[in-house]
Amino acid sequence: MRTIVLPIVLTAAFFAACSDKVAEPDPYDPAHDYFTFANVDQFATEKIALDLTVDFDSEQLIGSATLTLQRLDASETQVILDTRDLNVSAAHVVLADETLLPVEFRFGESDAIKGTPLLLELPGTAQSATSFVLRIEYTTSPGSTALQWLPPNLTAGGKHPLMFSQSQAIHARSWVPLQDTPSVRVTYEATIRTPPELLAVMSANNDPLTPRGGEYYFEMPQPIPSYLMAIAVGNIFFAPLGEDTGVYAEPELLDASVFEFADTQEMLEQAEEIFGPYEWGRYDLLVLPPSFPYGGMENPRLSFITPSLLAGDRSLVSVVAHELAHSWSGNLVTNATWRDQWLNEGTTSYLEARLMEVIYGKDRVDEERVLSYRELMLDLETVPLDMQALAPRLETGDPDDFQGTMHYSKGDLLFTYLENAFGRAAFDRFLKMYFDEFSFETINSERFLDYLDQHLLQAEGSTVGRAQIEQWLYQAGVPDDAPVPQSSTLNAAAAMAKAWAEGEIGVAEIPIASWSPQATRHFVNSLPKELASDRLAELDEGLGFSGTRNAEIGRTWFIQVAERRYTPAYEQLEQFLNRYGRGRLIYPVYVALAQNGNDLELAREIFDKARSAYHPVTDVRIARSLDAANSQSD
Ligand code: BES
Ligand code: ZN
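Just so it is clear, the structure is predicted and the values come from calculations on it, not from any experiment.

**Some remarks on the coordination of the zinc ion (ligand 2)**
- Around the zinc ion (ligand 2), the protein contributes the donor atoms H322 (NE2), H326 (NE2) and E345 (OE), which lie 1.9 to 2.1 Å from the metal centre.
- Positions of the donor residues of the zinc ion (ligand 2) along the chain correspond to the pattern H-x3-H-x18-E. With H322 in helix α4 (residues 318-325) and E345 in helix α5 (residues 341-360), this pair connects stretches of sequence that are 23 residues apart.
- On the accessibility criterion, E345 (2% relative accessible area) is buried.

**Brief notes about the pattern of salt bridges**
- Under the defined criterion, the tally for this structure stands at 34 salt bridges.
- A salt bridge links K362 to D366; its shortest N-O distance comes to 2.8 Å. Linking K362 with D366, this pair stays in helix α6 (residues 362-382), spanning four residues, or about one helical turn.
- Classification of K362 by relative accessible area gives partly exposed; the value is 45%.
- Among the charged side chains, a salt-bridge network with shared partners connects E375, R521, E552, R555, R582 and R584.

**What to know about the sheet that holds strand β12 (residues 199-202)**
- The strand order β9-β10-β14-β12 describes an open sheet built from four strands, whose pairing is antiparallel. Here the strands that pair on one side only, and so sit at the sheet edges, are β9 (147-150) and β12. With strand direction ignored, the average angle separating the axes of adjacent strands in the sheet is 10°.
- Here four bridges tie β9 to strand β10 (residues 162-165), and the two strands are oriented antiparallel to one another. Across the sheet, W149 pairs through a bridge with M163, a residue of β10.

**Quick notes on the site of ligand 1**
- Around ligand 1 sit 16 residues in total, of which Q168, G295, E298, E323 and Y408 are the nearest.
- E298 is positioned with one of its side-chain polar atoms (N or O) 2.6 Å from a nitrogen atom of ligand 1.
- Relative to its unbound accessible area of 520 Å², ligand 1 is 91% covered by the protein chains.
- Put simply, the parts of the chain that give the shell around ligand 1 at least two residues each are β18 (296-297), α4 and α5.
- The leading source of residues in the shell around ligand 1 is α4, at three residues.
- Within the shell around ligand 1, the residues separate by chemical class into four nonpolar, eight polar and four charged.

**Description of the environment of L452**
- Counting through the fold element by element, L452 comes out in helix α9 (residues 445-460).
- When its relative accessible area of 0% is taken as the criterion, L452 is described as buried.
- Residues L452 and Q70 lie 382 residues apart in sequence; the distance between their C-alpha atoms is 32 Å.
- If we skip the residues at most four places from it in the chain, L452 touches L418, F430, L457 and I469.

**Description of the environment of N444**
- Examined against the element boundaries, N444 turns out to sit in the loop between β21 (441-443) and α9.
- Take N444: its relative accessible area is 14%, and that puts it in the buried class.
- A C-alpha to C-alpha distance of 25 Å links N444 and V176, two positions 268 residues apart in sequence.
- What N444 contacts, discounting residues up to four positions off in sequence, is A31, A336, D340 and L343.
- A polar contact is formed between the side chain of N444 and the backbone nitrogen of R447, at a distance of 2.9 Å.

**As for the sheet that holds strand β7 (residues 116-121)**
- On the basis of which strands lie adjacent, the open sheet formed by three strands has the order β3-β7-β6 and antiparallel pairing. Strands with a single pairing partner mark the edges of an open sheet, and in this sheet they are β3 (78-83) and β6 (104-107). Adjacent strand axes in the sheet meet at a mean angle of 20° when their direction is disregarded.
- As paired elements, β3 and β7 share six bridges and run antiparallel to each other. Among the inter-strand pairings, T83 is bridged to a residue of β7, identified as T116.

**Brief notes about the pairing of strand β17 (residues 283-287)**
- Most of β17 sits inside the fold, with five of its five residues counted as buried.
- Side chains Y283, L285 and V287 of β17 all project onto a buried face; the interleaved residues D284 and L286 project onto the opposite face, where all are buried too.
- Examined bridge by bridge, strand β16 (residues 245-249) and β17 share four bridges and lie parallel to one another. Across the sheet, the residue bridging to T245 is Y283, located in β17.

**Considerations on helix α7 (residues 405-422)**
- With 18 residues, α7 extends 25 Å from end C-alpha to end C-alpha; this agrees with the ideal 26 Å at 1.5 Å per step.
- In terms of burial, α7 is largely enclosed, as 15 of its 18 residues are buried.
- Of the residues one or two after α7, G423 is the one with positive phi, at around 90°.

**Let's talk about the packing of aromatic side chains**
- One pass over the full model with this rule turns up 34 aromatic pairs.
- The interplanar angle of 45° and the centroid separation of 6.2 Å between the aromatic rings of Y434 and Y451 together place this pair among those described as tilted. One end of the pair, Y434, is in helix α8 (residues 424-437); the other, Y451, is in helix α9, with 17 residues separating them in the sequence. Assigned by exposure class, Y434 and Y451 land together as buried.

**Some details on the side chain of N39**
- Along the polypeptide, N39 turns up in the loop between α1 (2-18) and β1 (43-55).
- N39 gets classed as buried once you look at its relative accessible area, which sits at 10%.
- In terms of polar contacts, N39 uses its side chain to reach the backbone carbonyl oxygen of Q78, at 2.8 Å.
- Not counting residues within four places of it along the chain, the set of residues in contact with N39 comprises E76, Q78, V79, I80 and Q179.

**A look at the packing of helix α14 (residues 551-563) against helix α16 (residues 583-594)**
- Between α14 and α16, whose axes approach to 8 Å, the crossing angle comes to 5°. The angle between the axes of α14 and α16 places the two elements in the roughly parallel class. Counted together, A551, E552, R555, F558, I559, A562 and E563 of α14 and R584, L585, P588, V589, A592 and L593 of α16 form the full contact between these two elements.
- Within the contact of α14 with α16, the residues separate by chemical class into nine nonpolar, no polar and four charged.

How each quantity is defined
- Residues numbered from 1 in each chain as written.
- Chains lettered and ligands numbered in written order.
- Predicted model: local features only at pLDDT ≥ 70, side-chain atom pairs only at ≥ 80, totals over all residues.
- Heavy atoms only, no water.
- Donors = N, O, S within 2.8 Å, 3.2 Å for Na, K, Ca; no water.
- Helix = DSSP H or I, 4+ residues; strand = E, 2+ residues; numbered from the N terminus.
- Buried < 20%, exposed > 50% of the residue type's maximum accessible area, 1.4 Å probe, protein only.
- Salt bridge = Lys/Arg side-chain N within 4 Å of Asp/Glu carboxyl O.
- Pairing = 2+ DSSP bridges.
- Axes fitted to C-alpha atoms, helices over the stretch in contact; angles between N-to-C directions.
- Near = heavy atom within 4 Å.
- Polar contact = N/O pair within 3.5 Å; in protein donor to acceptor, adjacent residues only side chain to side chain.
- Areas by Shrake-Rupley, 256 points an atom, 1.4 Å probe, with all protein chains shown as cover.
- Nonpolar A, V, L, I, M, F, W, Y, C, P; charged D, E, K, R; others polar.
- Contact = heavy atoms within 4.5 Å.
- Expected span 1.5 Å × (residues − 1).
- Phe/Tyr/Trp six-rings, centres within 6.5 Å; stacked < 30°, edge-to-face > 60°.
- Parallel < 35°, antiparallel > 145°, perpendicular 65-115°, else oblique.

That's the geometry; what it means functionally is another story.
Below is the structure:
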């Protein structure tokens with residue numbers, strides 16, 4: 001090996017010595033957003049006005065975006081915006097009297113992940129104006145990574161098409177040309193034209209009483225980062241949940257949604273109690289079709305929600321608590337770059353647990369924490385060490401792949417650790433102060449650390465110092481003194497799994513009817529590794545796991561079915577993979593199939609049949625993981 005490495009080292013050294021033109025790569029800057037082309041140090045967008053027609057026939061948004069920009073650099077005359085697969089037909093500077101000055105524009109070089117920079121040369125007076133207005137006429141492409149255009153057969157009602165956006169992390173640029181980075185905040189307004197029988201909603205001031213008619217006007221007066229811009233259009237209707245809360249859904253799902261999410265108003269009230277004022281006006285939910293790729297998305301004033309939460313027993317509503325909690329951690333105080341995502345997701349996971357505790361009690365929170373902790377421990381076995389830090393180095397790759405239990409569960413553990421060290425009262429004071437101090441701002445991990453150090457660690461005095469927190473932020477794994485979640489009800493379920501596996505009790509003696517769905521999941525997770533696949537038949541016959549309507553129990557069960565190659569349940573496994581499109585539910589089942597040593601081909605076949613109904617981001621993720629499994633088996 002040495003003989004190969006040496007010449008390469010020499011060659012590089014040779015060039016470095018001989019040429020002063022060889023550019024040193026810029027040192028990694030943790031405060032820099034590596035996932036935008038926009039020249040945000042030169043210009044800052046303050047406001048966006050959209051005028052868009054939603055064309056279901058061509059699967060395009062057609063219209064214009066009008067950006068009000070603030071100049072930060074006196075000498076720069078070129079504005080660079082992010083786009084992906086946008087068709088731009090014209091660009092103008094709009095003067096105060098509405099006169100249009102043509103703007104020369106061209107696209108720069110495309111990047112597979114970041115999209116294509118749009119370069120706009122400012123004309124005449126706009127070259128020196130401190131603030132100016134830029135209008136871009138454009139259409140999206142049917143393949144826009146942010147938009148899913150569902151034909152009627154993929155909706156609950158089956159009669160009308162439906163379209164929705166998912167902008168996080170860097171997909172806003174595929175439906176609006178903009179500075180697509182969380183470090184820039186904008187207010188927006190929008191005129192949206194749709195087929196007259198459909199309703200449009202946005203992450204803005206939706207009025208529950210809006211009559212249908214095909215033209216809708218929205219305003220989002222609070223400044224938000226681009227990843228929170230959101231739109232959906234379909235045969236959706238509103239039902240109130242409480243005074244300031246409600247739910248939008250197709251009529252077929254409306255009653256079930258009202259039942260499932262009945263506690264939303266109380267969640268909102270409790271959240272204000274603990275975290276401080278809710279700054280956004282109303283809080284509504286939008287229940288989407290099954291292909292919605294996430295459990296929920298915290299679009300301000302209107303969280304987008306997967307229908308897989310409709311279990312009929314309110315057992316999966318921690319996702320709603322989570323999305324609501326983002327109204328503080330994420331939407332009010334926003335991660336500056338995607339590398340700081342744990343500040344959004346970890347803080348929110350902790351707030352979610354606090355809300356779940358006041359409303360449903362400590363036992364339920366303990367159960368959910370144990371389940372998440374188990375997923376975290378499994379991930380620590382596979383996630384590369386340098387990606388196990390809460391705030392790792394992140395400058396390449398797809399930010400969509402930079403998601404997972406680290407931000408959520410490890411982040412929640414850090415906050416629990418702080419709560420334990422300083423006491424709940426002091427920690428709550430700190431949280432309220434933090435949200436107040438940074439409201440409507442962005443923050444990175446280093447600034448958070450400084451603020452925490454000053455206002456909690458030093459102010460309150462304890463054995464926890466900056467060095468401990470740095471370990472959480474910058475080191476792999478979890479520190480030795482991290483809290484380990486415990487749940488007596490889940491321990492009992494795990495003991496039952498062992499007792500049954502060892503033949504001490506029969507299926508009929510498993511007290512599943514008295515368990516929470518969380519305990520049932522833990523029971524399934526706790527089946528011993530060496531348990532033969534045919535013994536799953538006894539469980540399935542007695543407890544009906546393959547036919548469960550609880551999406552999380554199904555996920556847990558079908559992972560086991562695939563890992564253990566319990567083939568009698570494969571037909572129902574395939575149905576499961578067709579019933580849901582939420583990545584969290586189906587992705588690990590595909591991976592378990594692909595990696596069980598036998599079923600990679602089957603995984604591909606099932607995927608090929610199911611994928612046309614999946615969302616583009618889910619599709620990409622599964623395709624990538626099946627390809628990876630393929631190259632491992634070569
Ligand atoms: N903001 C996330 C979803 C997200 C993260 C979208 C990163 C794109 C990139 C949302 O708040 C979320 O965390 N959803 C979770 C719910 C949950 C309770 C952990 C999900 O979808 O599973
Ligand atoms: Zn979240």
